[in-house]
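# Tertiary structure, described
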Amino acid sequence: MNFEGKKLLILGGNPETVPLVEMANNMGIKTIVASGRHTDAAKKVAWKSSDVDGMDVPGLINLAKEEKVDGVLVGVADILVPAYCKVCDALDLPCYASQKIVDVFSFKDSFKATCERYGIHGIPEFYLDAQMKDEDIAKIKFPVMIKPVDNGGGVGMTVCYNKEELKLGVQKALECSNKKRFIVEKYMQCEDMGMYYTFKDGVCSVSCIYDRYTTDEQPGLSRVCLGGTYPSKHIDEYFERMHDNACRMFKDIGIKNGVLMLSAFYEDGEFYVYDTGFRLQGEAPHLLMKAIHGFDQRKMLINFALTGSEGDINLSEVDDPYLKGKHAATLWLLLKKGIVDRIEGLDEALNDNCIVANVQRLYPGDKVSQDVIGTEKQVLTRMYLVCDTKEELAQKLKYYMDNIKVYDKQGNEMLLNGFDVTKALEL
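A brief look at the structure comes next. Computed from a predicted model, the values in this text were never measured in an experiment.

Before going further, it helps to spend a moment on the sheet that holds strand β14 (residues 327–334). The 8 strands are arranged β13-β12-β9-β10-β11-β14-β19-β17 in an open sheet whose pairing can be described as antiparallel. Strands at the two margins of the open sheet, each flanked by one partner only, are β13 (270–277) and β17 (355–360). Across the sheet, the axes of successive neighbouring strands diverge by a mean angle of 20°, strand direction being ignored. Judged from the 9 bridges that link them, strand β9 (residues 191–200) and strand β12 (residues 258–267) form a sheet pairing that is antiparallel. From the neighbouring strand, Tyr197 faces β12, where its bridge partner is Leu260. On the sheet, helix α10 (residues 285–293) packs against β9, β10 (203–214), β11 (225–230), β12, β14, β17 and β19 (379–387) and is oriented at approximately 20° with respect to β19.

Before going further, it helps to spend a moment on the sheet that holds strand β2 (residues 30–34). Hydrogen bonds between backbone atoms are what pair the strands of a sheet, whose relative direction is either parallel or antiparallel. Across the sheet, 4 strands lie side by side as β3-β2-β1-β4; this open sheet has parallel pairing. For this open sheet the edge positions go to β3 (48–50) and β4 (71–74), each flanked by a neighbour on one side alone. Ignoring which end each strand starts from, the neighbouring axes of this sheet average 25° apart. Relative to β3, β2 runs parallel, the two sharing 3 bridges. Counted as the bridge partner of Ala34 is Ser50 from β3.

This part takes up the state of the cysteines. Evaluated as defined, the whole model comprises 0 disulfides. In this structure Cys204 is not part of a disulfide, and its nearest cysteine sulfur, from Cys247, lies 3.5 Å away. Taking the relative accessible area as the measure of exposure, Cys204 reaches 25% and is therefore partly exposed. In this model Cys354 remains outside any disulfide bridge; the closest cysteine sulfur is found in Cys387, 3.8 Å from its own. With a relative accessible area of 12%, Cys354 lands in the buried category.

This part covers helix α11 (residues 297–307). The buried count for α11 comes to 9 of 11 residues, which makes it a mostly enclosed element. Regarding α11, the residues found buried are Gln297, Arg298, Met300, Leu301, Ile302, Asn303, Phe304, Ala305 and Leu306. A positive backbone phi angle near 85° is found at Gly308, which sits one or two residues after α11.

The biggest cluster of nonpolar side chains holds 94 residues, and the ones touching the most others in it are Val72, Tyr84, Phe105, Tyr197, Phe250, Leu262 and Ile302. Take this core: its biggest share by element is 7 residues, from helix α3 (residues 81–91). Once residues lying within four places of it in the same chain are set aside, the contact partners of Phe105 are Phe111, Phe250, Ile253, Ile255, Leu260, Thr276 and Phe278. Membership of the second largest hydrophobic core comes to 38 residues, among which are Leu334, Leu380, Leu385 and Tyr400.

Structurally, Val224 can be placed in the loop between β10 and β11. The class for Val224 is buried, based on a relative accessible area of 4%. C-alpha separation for the pair Val224 and Gln360, spaced 136 residues apart in sequence, amounts to 16 Å.

Along β11, 6 of the 6 residues are buried, which leaves the element largely enclosed by surrounding structure. Both β10 and β11 contribute to a ladder of 4 bridges, which runs antiparallel. From the neighbouring strand, Arg212 faces β11, where its bridge partner is Gly228.

Running from N to C, helix α2 (residues 57–67) and α3 point in directions that differ by 45°, and their axes come no closer than 10 Å. Here α3 runs oblique to α2, going by the angle between their axes. Note on packing geometry: the crossing formed by α2 with α3 is right-handed. Where α2 approaches α3, its residues Val57, Leu60, Ile61, Ala64 and Lys65 are matched on the opposing element by Ala83, Lys86, Val87, Ala90 and Leu91. Of the residues that constitute the contact of α2 with α3, the class distribution is 8 nonpolar, no polar and 2 charged.

What follows is about the packing of aromatic side chains. Scanning the model with the defined rule gives 15 aromatic pairs in all. On the basis of an interplanar angle of 45° and a centroid distance of 5.8 Å, the ring pair of Phe105 and Phe111 is categorised as tilted. For Phe105, a relative accessible area of 9% gives the class buried. Taking the centre distance of 4.8 Å and the plane angle of 20° together, the rings of Tyr213 and Phe419 count as stacked.

The rules behind these values
- Residues numbered from 1 in each chain as written.
- Predicted model: local features only at pLDDT ≥ 70, side-chain atom pairs only at ≥ 80, totals over all residues.
- Heavy atoms only, no water.
- Pairing = 2+ DSSP bridges.
- Helix = DSSP H or I, 4+ residues; strand = E, 2+ residues; numbered from the N terminus.
- Axes fitted to C-alpha atoms, helices over the stretch in contact; angles between N-to-C directions.
- Contact = heavy atoms within 4.5 Å.
- Disulfide = S-S within 2.5 Å.
- Buried < 20%, exposed > 50% of the residue type's maximum accessible area, 1.4 Å probe, protein only.
- Core = buried A, V, L, I, M, F, W, Y, C linked by side-chain atoms within 4.5 Å.
- Parallel < 35°, antiparallel > 145°, perpendicular 65-115°, else oblique.
- Left-handed = near helix turned anticlockwise from the far one by under 90°.
- Nonpolar A, V, L, I, M, F, W, Y, C, P; charged D, E, K, R; others polar.
- Phe/Tyr/Trp six-rings, centres within 6.5 Å; stacked < 30°, edge-to-face > 60°.

Shown next, in the form of structure tokens:
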């Protein structure tokens, strides 16, 4: 279908949204990126940009009317999905979400309660409200994780080991929550997984299931991802125990189109789902799906925004969570606090055929401030690798972990350690 000259309003301008904007640009679409920060990366590649905040529904509606847009799409930000739904509804434009879906997925507490009704367990939780009564605190078994109910990417999350840290964690979570709500969960120190679904016309298909690895170099903060390996070592068990329950839940709340991530911990044979995102993901598994499966979720979502259809793709023919026998990985390079002065070894990676994509967030001159430590904003770049064997994948991962270097102006190395590749791939 020819979209030349069509106008698409995209909500949110973070670096992870850049590939979505570029895809629309390449399709001949006039992209308009709206976000409250004038310097957002996605604005730099858009046909036009606006400083209307991605949560300002009346402002977005007025902008869409002024520009006479043909469609609206949310970028890579959970917090903007409710606004996306409202704007599309007001303008009578295609939207893959609904208010019922938004009510379930936009707040961690309502999502958790919904999952339990379908036999999908969440992380064990402790009751606590902003009054922080002594009798409630006395029932808490430390360590715990404090989270705002309506934020992600590690924002507002704190690991607490005692009452004093708990008070500070609650304060931080409340400051980062628009709804001024938080949850207190058992701090899980076990295996981490991601389950990525694609939906088309009511068909629910698993595109990938993978194991995720996080850093333990930043105690007290959210454990930021270091990468993932595909497919998961627990994939068969997931299909046996959880997949059918998840599909029933998705169907009952009305999901027909779109892409969705479930994040879960795996401990002693049990899955504990802890997060979700009903939109393209910052860690971008869709880039691996494009390289292996041959379809591009960005293109599907853009097509839907402009026509109400994701196209003529047949998921049952092309989707395969076992990756057609291949092995894949994402490698996240995390930076310590400081100002980036010099990056070495990354250019070499761009000429490697096994690296199917590289999404860089930070460049020389960029500052990694203390307030972004413990969030995905400390990510230098995400690399995406596809290999024929686990042994080849391990070799590539180890090579780039050893040979990519980042320095500040004083010559100090800024990279955190990577994950244990041999253990991850069970070699």
